[in-house]
Amino acid sequence: MDLLDKVVPTQKLYIRPSSEEWSSGIVFWHIGEARIFFVNEIQKVLDDPSISIGRKMDNPIRLANIEEADKIQPSPAEIRDRLEKSYTEITRLFEKLTPSDLEKEIQHMNHKFGLMKLRDFIDHFIVEHDAIHVAQINRVVSQIN
């Protein structure tokens, strides 16, 4: 949330460094959506280990979320609310996970990732995903200032 507070006062939340890059606002919005998506995917595979989970970059819901953020430009309060709710959902999930859950083998729908332990899925698609996008936001902020 500190990063959001850093970006919001600049009044540049939806300025893109280039036409191919996302604005900080889009990235924040995407983080909130992705967290909820992956929490739901983890819950699905815990309920039914036989299913494949995840999504590809061209997933229509993912792309619609990005387009939505660019079009409606959610307010800082809406972004904060989404991030806080997604954090709450992650926390709820993590509190329920057992050590044996984390060792379960799950199948990602994208063959690039294939079979992986749930802990590796969490590390890549929640922890690393957030870190990559935080770095992206910092890069965007430095480019537009």
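Going along each chain's sequence as written, the residues are numbered from 1 onward. In view of the model being predicted, local features appear only for residues whose pLDDT reaches at least 70, and side-chain atom pairs are presented and counted only at 80 or more, with totals across whole chains, interfaces and linings using the full set of residues. As a convention, hydrogens and water are excluded, and side-chain values are obtained from all of the structure's heavy atoms.

Below, the discussion takes up the overall build of the protein. Counting its regular elements, the protein contains 6 helices and 3 strands. Secondary structure elements are taken from DSSP: a helix is a run of H or I of four residues or more, a strand is a run of E of two residues or more, and numbering for both begins at the N terminus. Ordered by position in the sequence, the α and β elements of the protein form the string α-α-β-α-α-α-β-β-α. The C-alpha atoms of the protein give 16 Å as radius of gyration, which agrees with the globular expectation for 145 residues (15 Å, within 12%). Each principal axis of the C-alpha distribution contributes one length, and for the protein these read about 45 × 30 × 25 Å. Relative to its full complement of 145 residues, the protein shows a buried share of 42%. We compute the radius of gyration over the C-alpha atoms and compare it with the globule rule, which gives 2.2 Å times the number of residues raised to the power 0.38. Partly exposed residues are those whose accessible area sits between 20% and 50% of the maximum for their type, while under 20% is buried and over 50% is exposed, using a 1.4 Å probe and protein chains only.

Moving on: unusual backbone geometry. Comment: phi is negative for the bulk of residues other than glycine, and the bulk of peptide bonds are trans. At Gln-73, a residue that is not glycine, the phi angle is positive and equals roughly 45°. Looking at where Gln-73 falls in the secondary structure, it is placed in the loop between α3 (60–72) and α4 (76–96).

Only one face of strand β2 (residues 105–108) is buried: it carries Ile-106 and His-108, and the other face, with Glu-105 and Gln-107, is open. Should DSSP find at least two bridges between two strands, the strands are regarded as paired. Pairing analysis gives 2 bridges linking strand β1 (residues 52–53) to β2, with the strands arranged parallel. Bridging from a neighbouring strand, Ser-52 pairs with Gln-107 of β2. Relative to strand β3 (residues 115–117), β2 is paired through 3 bridges, and the arrangement is antiparallel. By the bridge assignment, Gln-107 is partnered in β3 with Leu-115. Count of turn residues in the β2/β3 antiparallel hairpin: 6 residues, of which Gly-114 carries a positive phi of about 60°.

Below, the discussion takes up the packing of aromatic side chains. Put simply, two rings from Phe, Tyr or Trp (the six-membered ring, in Trp's case) pair if the centres are within 6.5 Å, and we call them stacked under 30 degrees between planes, edge-to-face over 60, tilted for the rest. One pass over the structure, following the stated rule, counts 5 aromatic pairs. Aromatic side chains Phe-37 and Phe-38 sit 5.0 Å apart centroid to centroid with 80° between the ring planes, which places their arrangement in the edge-to-face category. For the pair Phe-37 and Phe-38, a shared accessibility class is recorded, and that class is buried. Judged by its relative accessible area of 4%, Phe-38 falls in the buried class. Charge-over-ring placement is defined geometrically: NZ (Lys) or CZ (Arg) within 6 Å of the ring centre, and within 35 degrees of the ring normal. Taking NZ or CZ as reference, Arg-55 lies 4.1 Å from the ring centre of Phe-37, over its face. Lying over the aromatic face of Trp-29, Arg-82 brings its terminal NZ or CZ to 3.9 Å of the ring centre.

Pairing is mixed across the open sheet formed by 3 strands, whose spatial order is β1-β2-β3. Strands at the two margins of the open sheet, each flanked by one partner only, are β1 and β3. Working rule for contacts: check all heavy atoms of both residues, and any pair within 4.5 Å makes them a contact. All axes here are fitted lines through C-alpha atoms, helices being fitted over the stretch that makes contact, and every angle between N-to-C directions spans 0 to 180 degrees. Contacting β1, β2 and β3, helix α6 (residues 118–144) runs over the sheet at an angle of about 90° to β3.

Moving on, we get to the packing of helix α2 (residues 24–47) against α4. As a packed pair, α2 and α4 sit with axes 9 Å apart at the nearest point and diverge in direction by 25°. One way to sum up the angle between α2 and α4 is to call them roughly parallel. The crossing of α2 and α4 is left-handed. Contacts between α2 and α4 pair Gly-25, Phe-28, Trp-29, Ile-31, Gly-32, Glu-33, Arg-35, Ile-36, Val-39, Ile-42, Gln-43 and Leu-46 from the former with Glu-78, Ile-79, Arg-82, Leu-83, Lys-85, Ser-86, Tyr-87, Glu-89, Ile-90, Leu-93 and Lys-96 from the latter. For this classification, under 35 degrees means roughly parallel, over 145 means roughly antiparallel, 65 to 115 means roughly perpendicular, and everything else is oblique. Whether a crossing is left-handed or right-handed is set by the direction in which the near helix is turned from the far one by less than a right angle, anticlockwise for left-handed and clockwise for right-handed.

Here the focus is α3. In an α-helix, one turn spans 3.6 residues; hence positions three or four apart end up facing the same way. Multiplying 1.5 Å by the helix residue count minus one yields the expected span of that helix. Under the 1.5 Å per step criterion, the end-to-end length of α3 is 18 Å for 13 residues, consistent within 8% with the ideal 18 Å. By the burial criterion, the buried members of α3 are Arg-62, Asn-65, Ile-66 and Ala-69. One side of α3 holds all its buried residues, which, seen down the axis, span an arc of 95°. Facing away from the buried side of α3 by over 90 degrees, the exposed positions are Pro-60, Ile-61, Glu-67, Lys-71 and Ile-72. Contact partners of the buried residues in α3: α2 and α4. For the purposes of these results, a polar contact is taken to be a pair of N or O atoms within 3.5 Å, where, inside protein, one atom must be able to donate a hydrogen and its partner to accept one; residues adjacent in sequence count only when each atom of the pair is a side-chain atom. Sitting at the head of α3, Asn-59 places a side-chain oxygen 2.9 Å from the backbone nitrogen of Ile-61. Throughout, the arc means that of the directions going from the helix axis to the C-beta atoms.

Take it as geometry only, folks, not as evidence of what the structure does.
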